[in-house]
Amino acid sequence: MDEVKSTTAWVAGCASHVKVDSQEIENVVDSIKGNIPKVEWDFEKIHYFDNGPLTVQYIFVLDALNFCFWPDKELHYDNFALGLKEALENDKNALDADRLQCINGPELRAMLKWPRPLPSEEERVRLLHEVGFELERSFEGKAANLVKSCNNSASTLVTLITRHFPGFRDHALYKGRQVFLYKRAQIFVADLWGAFKGENFGNFHDTTCITIFADYIVPAVLRQLNILKYSSKLANYIDSDLEISPGSEEEVELRACSVFAVEKMREFINNKFGKQVLSIEIDLWLWSYGVRMPKLAYHRTLSIYY
C-alpha cells in the first residue's frame, strides 16, 4: 500500500501535534533484540473458524463492524467477534448476503446479544446493507469470491475492497492533501493471513505491503513506549477523555504518525538485526499489549473507520 506509506510519512514530516521519536524506536528495538513477540491471531479464542469460505464471510462482516466501541464503556471488539461466531454456529446462513441487506438495528443487537442500542447503530446497519448488496451484485454473495478475485495479492484485495465498498474508504484531508489509511480494508487482509496462517484464503505474495491498522489502541501503546510524543494540548485532550474531531489535524497525525513509526521500526529491525518482519506482526503485538492495559489513555473520535 504505497499510498498509505507515502502519505502517512508526509504527515509525520510536517506534523505539529504528534512527533515520532526515532531514538525511542531504536531503544525499543534494542530492548527486544529485534524479536517481535509472536502473537497468535486468535489468541483470545473468540473468532469463528472452519478453514473455509464461511470463515471469510465471517471475517469480512466482522471487519465491516469493527469500529468505534468506546462510547459504550462495556462494549468491546470481543462482543462482536463472539456474537457473530455464535450466530454462525447456530445458523450457517446467518451472514448470507441477502440477510445482511435487510438486517435492522434490533436484529443486529439480538445477534450480538447486546441489551441496548449500539454506538453508531444506524451506520453499522447501513454498512451491513452495503456489504450484503455489493457481495450479491459483484461476488455471488460470497466474500470468498472477493478474495479469490485478487489473485493472492494483498494490495489488489485492498484496492478491490475500497473500490466496491465505500464504507471501507478510510482517508482524510490534511493541510489540503489526501491521506490514505485504509484501516479496516487492510485488517481484513491481516485477519485472513492470521486465521489461515498464510495459506488458502490467507495466502498473499505481497503481505509486506500492508501497514499497521491505525486505530485507538496502537497510538496509545506507542505513546506508552515514548515513541509518540504529543503536544501539551493534545495530551490534555486525551488524558481528559475529551473528543477529538474526525478529520482534524490532531486525529490525522495520531493515526498517520503511528503508521510511520511502525514502518521505521521495521526498518531499524532489518538494518540492525537483519530480520524481515511484517507490520501485521508488529500490530498484533502492540494491540495485544494495549488491550491488556485497562487504564491505557487513548483518543476518542467518532468514526466509522476505526
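Please refer to the structure placed before this passage.
Residues numbered from 1 in each chain as written. Predicted model: local features only at pLDDT ≥ 70, side-chain atom pairs only at ≥ 80, totals over all residues. Heavy atoms only, no water.

A. Region of the structure containing the nonpolar core. Formed by 117 residues in total, the largest nonpolar core has its most connected members in Phe-60, Leu-157 and Phe-188. Top contributing element to this core by residue count: helix H13 (residues 249-273), with 10 residues. (Core = buried A, V, L, I, M, F, W, Y, C linked by side-chain atoms within 4.5 Å. Buried < 20%, exposed > 50% of the residue type's maximum accessible area, 1.4 Å probe, protein only. Helix = DSSP H or I, 4+ residues; strand = E, 2+ residues; numbered from the N terminus.)

B. Representation of the layout of surface pockets. As a volume, the largest pocket reaches approximately 940 Å³. Taken together, 39 residues form the lining of the largest pocket, with Phe-69, Tyr-77, Ile-217, Trp-287 and Val-291 sitting closest to its centre. Within the residue set of the lining of the largest pocket, elements represented by two or more residues are helix H4 (77-90), helix H10 (183-195) and helix H14 (279-291). Of the residues that constitute the lining of the largest pocket, the class distribution is 24 nonpolar, 5 polar and 10 charged. (1 Å grid on protein atoms, 1.4 Å probe; cavity = no way out; pocket = protein on both sides within 12 Å on 5 of 7 lines; lining within 4 Å. Points joined across faces, edges and corners; volume = space filled by probe spheres on them. Nonpolar A, V, L, I, M, F, W, Y, C, P; charged D, E, K, R; others polar.)

C. Representation of the pairing of strand E2 (residues 171-174) in the model. Here E2 shows one buried face, formed by Ala-172 and Tyr-174, and one open face, formed by His-171 and Leu-173. Where E2 and strand E3 (residues 177-180) come together, 4 bridges link them in antiparallel fashion. Looking at E3, one finds that Ala-172 is bridged to Val-179. Remark: 2 residues form the turn of the hairpin made by E2 and E3, two consecutive strands paired antiparallel; Lys-175 in that turn has positive phi of roughly 50°. (Pairing = 2+ DSSP bridges.)

D. Expanded view of empty space enclosed by the protein. All told, the structure shown has 1 cavity of 30 Å³ or more when counted by the stated rule. Around the largest cavity sit Tyr-216, Pro-219, Ala-220, Tyr-230, Ile-238, Leu-254, Ala-297, Tyr-298 and His-299, which together line it. Here the residues of the lining of the largest cavity sort into 8 nonpolar, 1 polar and no charged.

E. View of the packing of aromatic side chains. This model, assessed by the stated rule, comprises 14 aromatic pairs. Between Trp-10 and Tyr-174, the aromatic rings sit 5.8 Å apart at their centres with planes inclined by 85°, giving edge-to-face as the arrangement. Residue Trp-10 is located in helix H1 (residues 2-14), and its partner Tyr-174 is located in strand E2; the two are separated by 164 residues in the primary sequence. The partly exposed category is assigned to Trp-10, whose relative accessible area is 27%. Judged by centre distance (5.7 Å) and plane angle (50°), the rings of Phe-180 and Tyr-182 are tilted. Note on Phe-180: relative accessible area 17%, which makes it buried. Among the residues examined, Tyr-182 registers a relative accessible area of 9% and is labelled buried. Chaining the aromatic ring pairs together yields one cluster made of Phe-60, Phe-165, Phe-168 and Phe-188. When the ring centre of Phe-268 is taken as origin, the NZ or CZ atom of Lys-264, which lies over that ring, is 5.9 Å away. The ring of Tyr-298 carries the charged tip of Arg-300 above its face, separated from the ring centre by 4.3 Å. (Phe/Tyr/Trp six-rings, centres within 6.5 Å; stacked < 30°, edge-to-face > 60°. Lys NZ or Arg CZ within 6 Å of the ring centre and 35° of its normal.)

F. The arrangement of the environment of Pro-71 in detail. Inspection of the secondary structure assignment puts Pro-71 in the loop between helix H3 (53-64) and H4. Dropping the residues within four chain positions of it, Pro-71 is found in contact with Pro-119 and Leu-302. (Contact = heavy atoms within 4.5 Å.)

G. Up close: unusual backbone geometry. A positive phi angle, near 55°, is found at Lys-33, a position not held by glycine. Here Lys-33 lies in the loop between helix H2 (22-31) and H3. Given the relative accessible area of 56%, Lys-33 is considered exposed. Residue Asn-151 is not a glycine yet carries a positive backbone phi of 55°. Examined against the element boundaries, Asn-151 turns out to sit in the loop between helix H8 (143-148) and helix H9 (154-164).

H. Structural detail: the environment of Cys-14. Tracing the sequence through the fold places Cys-14 in helix H1. Along the backbone, Cys-14 and Val-291 are 277 residues apart, and their C-alpha atoms lie at a distance of 30 Å. For Cys-14, the contacting residues outside a window of four places in its chain are Tyr-174 and Lys-175.

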